[in-house]
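Single-letter residue listing:
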Amino acid sequence: MSTTGSRVWVVGPSGAGKSTVARALAEARGLPHYELDAMFWASGWQRRPEDEFLADVAALDRTDGWIADGQYGAAHPVLEELADTVVWVDPPRGTTTARLLRRTVRRLRTREELWNGNRERPGSALQLVLWAHREFPVVRRTNTELFARMQARSVPCLRLRTPHDIRELLSKERA
């Protein structure tokens, strides 16, 4: 029995596991998965114009269902209107930093393509890890406020703090 709706927005800090959870939810539910990173970044690590990015996010409204993950402030108002469920992947800061470091080292070593031909670069990868560690409390505050707004509108909000929480949600979604 599913515990989420058909328009699920997965949020959390860098390294939390948003994309991993979103992909697993999409697979369990048979819904398409959208990464906001792929919508935001053009090739050569160029930011897409904000109006084009937001138009792509808003276009999710023309689909029957989706699982989207990402934490872009500009997209929050659009996704707050579209989402019928919000899932917050919220492990401790040390966990997210360690995951981000491992993921970044792997991506640098394998030259894994991310979105639109982009690959991690040593200097910017280190900056990302440091930025994510520093911004962790800001993201937590942002998501606390997001949950309050969504719950005030009776939108279901699920906060996943542990691997057990994630496994429990996914087992319910597969049932």
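- Named according to an unreviewed UniProt entry, the protein is (D)CMP kinase originating from Streptomyces heliomycini.

**Observations regarding the environment of Thr-85**
- Checked against the element boundaries, Thr-85 lands in strand S6 (residues 85–89).
- On the basis of relative accessibility, which here comes to 1%, the residue Thr-85 falls in the buried class.
- Distance in space between the C-alpha atoms of Thr-85 and Gly-5 is 5.7 Å, their sequence separation being 80 residues.
- For Thr-85, the side chain forms a polar contact with the main-chain nitrogen of Gly-5, separated by 2.7 Å.

**Describing the side chain of Glu-173**
- Mapped onto the fold, Glu-173 is located in helix H7 (residues 163–174).
- According to the relative accessible area criterion, Glu-173 is buried, its value standing at 4%.
- A distance of 3.5 Å separates the side chain of Glu-173 from the side chain of Arg-29, its partner in a polar contact.

Cut-offs applied
Residues numbered from 1 in each chain as written. Predicted model: local features only at pLDDT ≥ 70, side-chain atom pairs only at ≥ 80, totals over all residues. Heavy atoms only, no water. Helix = DSSP H or I, 4+ residues; strand = E, 2+ residues; numbered from the N terminus. Buried < 20%, exposed > 50% of the residue type's maximum accessible area, 1.4 Å probe, protein only. Polar contact = N/O pair within 3.5 Å; in protein donor to acceptor, adjacent residues only side chain to side chain.

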